[in-house]
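As a plain string of letters, each chain reads:
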Amino acid sequence: PSGCGKTTLLKVIAGLIKPDEGEILYDSKPISVTPMAERGIGMVFQNYALYPHLEARDNIGFYDLIRKQPEKIPERIRNIVTIMGVEIEHLLSRKPPTLSGGEQQRIAIARCLARDPQLFLFDEPLSNLDAKLRVETRVQLKRLLRHYSITSVYVTHDQTEAIALADRIAIMSAGKIVQTGTYQALYNTPTNAFVAQFFGSPAMNLFPGRAYGGTWHGKAFNVEPIRSDLKPGKAVLLGIRPEHMSLASPDTGIPAVVELVEPVLTQHRQLIYLKIAGQRCVASLPVEADITPHSRIHVQIDRQNIHLFDQQTGARIG
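The written sequence of each chain sets the order in which its residues are numbered from 1. Confidence filtering applies because this is a predicted model: local features only for residues at pLDDT of at least 70, side-chain atom pairs given and counted only at 80 or more, and all residues used for totals across whole chains, interfaces and linings. Values shown for side chains rest on all heavy atoms present in the structure; no hydrogens or waters enter the calculation.

**Some thoughts on the overall build of the chain**
Then, in step 1: Helix numbering and strand numbering both begin at the N terminus, where a helix is a DSSP run of H or I of at least 4 residues and a strand a DSSP run of E of at least 2. Helices and strands together make up the secondary structure of the chain, namely ten helices and 17 strands.
Then, in step 2: In terms of C-alpha radius of gyration, the chain reaches 25 Å, well past the compact-globule figure of 20 Å for 318 residues.
Then, in step 3: C-alpha atoms of the chain, sized along the principal axes, occupy 80 × 45 × 25 Å.
Then, in step 4: Note on exposure labels: buried denotes an accessible area under 20% of the residue type's maximum, exposed denotes more than 50%, and partly exposed covers the range between, all computed with a 1.4 Å probe on protein chains only. By the burial criterion, 43% of the 318 residues in the chain qualify as buried.
Then, in step 5: Contacts are residue-level and defined by heavy atoms, with any inter-residue pair within 4.5 Å sufficient. Across the chain, every contact between residues at least 6 apart in sequence was considered, and the portion connecting residues at least 24 apart equals 61%. Within these notes, the globule rule equals 2.2 Å times the number of residues to the 0.38 power, and the radius of gyration is based on C-alpha atoms.

**Looking at the sheet that holds strand β4 (residues 119-123)**
Then, in step 1: By definition, two strands form a pair when at least two bridges between them are found by DSSP. Here three strands make up an open sheet; going across it, the order is β3-β4-β5 and the pairing parallel. With one partner strand each, in any of the chains shown, β3 (41-44) and β5 (152-155) form the two edges of the open sheet. Sheet twist, expressed as the mean angle between neighbouring strand axes with direction ignored, is 10°.
Then, in step 2: Between the N-to-C directions of two axes lies an angle of 0 to 180 degrees, each axis being a line fitted to C-alpha atoms and, for a helix, fitted only over the stretch in contact. Helix α1 (residues 6-14) contacts β3, β4 and β5 of the sheet and is inclined by roughly 155° relative to β4.
Then, in step 3: The strands touched by helix α7 (residues 131-148) within the sheet are β4 and β5, with β4 carrying the most contacts at an inclination of about 160°.

**Some thoughts on the side chain of S295**
Then, in step 1: Looking at the element boundaries, S295 is found in the loop between β15 (279-286) and β16 (296-301).
Then, in step 2: There is a polar contact of 2.5 Å between the side chain of S295 and the backbone oxygen of T292.
Then, in step 3: Each residue touching S295, except ones within four places of it in the same chain, is listed here: A256, V257 and V258. Side-chain atoms alone can form a polar contact between residues adjacent in sequence; in general such a contact is a pair of N or O atoms within 3.5 Å, and within protein one must be able to donate a hydrogen while the other accepts it.

**Quick word on the side chain of E124**
Then, in step 1: Residue position: E124 is located in the loop between β4 and α7.
Then, in step 2: This count recognises Lys and Arg as positive and Asp and Glu as negative, with His and chain-terminal groups excluded. Definition used for salt bridges: Asp or Glu carboxyl oxygen within 4 Å of a side-chain nitrogen of Lys or Arg. K6 is the oppositely charged side chain nearest to the buried, salt-bridge-free E124, at an N-O distance of 4.3 Å.
Then, in step 3: What E124 contacts, discounting residues up to four positions off in sequence, is K6, Q46, V155, T156 and H157.

**Digging into the pairing of β3**
Then, in step 1: Every second residue of β3 is oriented toward a common face, with I41 and M43 on one face and G42 and V44 on the other, all of them buried.
Then, in step 2: In this sheet, β4 lies alongside β3 in parallel orientation, the contact comprising four bridges. The partner of M43 across the bridge, within β4, is L121.

**Some words on the pairing of β15**
Then, in step 1: Bridge analysis of strand β14 (residues 269-276) against β15 gives eight bridges, and the strand direction is antiparallel. Within β15, the residue paired with R269 across the bridge is P286.

**Some words on the sheet that holds strand β17 (residues 307-310)**
Then, in step 1: If you walk across this open sheet you meet the five strands as β10-β9-β8-β11-β17, and the pairing is antiparallel. Every other strand in the sheet has two partners, leaving β10 (222-223) and β17 as the edge strands with one partner each.
Then, in step 2: Of the strand pairs in this sheet, strand β8 (residues 205-212) and strand β9 (residues 215-218) are connected by four bridges, and their pairing is antiparallel. Bridge pairing links Y212 to T215 in β9.

The structure is reproduced here in structure tokens:
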């Protein structure tokens, strides 16, 4: 989420900020022992940080310009154009103020590549682009990362970006990494209630209740069996993903009031925003189901896919 320390951590890795404690290890040795100029780090900033008075060609070759080796720039440009294609070749003679956000972003990535980096750092590089361009650029970026096959750290609060680009995802909260893993692991086995609600769109539904003898008792419904070794009366959050809720008959279902219906046609689903005993939640149901706002329906949960969390600490139970 915003303000959790993502960019700060990236700047610490880059050497732009000294850590208050601990150290950054690079190839198993402290990165601080390697001079800044020899670290081989390429970074793409959120605002691209291009020099407005230089042509795109010189922005890309700036690393060689300041080392007084401009003769290397043409060859670097040729290599980068080969990798990135025609997307940047026609931009080389233009200055950043004349480029669109997407074009500036390509030049910023090209400048990052021109350093022959051993480590890529990306600070929300697609956040300033429109939705269509963000998707196109994400595909190009994935192609580049696969071509170079080197370690990359990518900061984003866009889950779609993280899932599309990453081999491993780390979720941060209040300056700490709370869980790492593949997107499947984060989605299916969240380590605490924060991850459960943060990762996944829409978020996991969490219902407060208490455990008694292998049964979870909530305000509007009960669930059994659950693990029977919990302290009687223990406050437990029961979590269920929207796709694990379905329509049910009035005899067996949980009564709910429909607040809003949001079609997701690409998935042939619709998100139904509900109130169950005064608590808001979301169900993902087939688009064919005829459901209207302000109507009353009955739903059921898939008991094979419930998650339990300690209501006080948020930690996963079991």
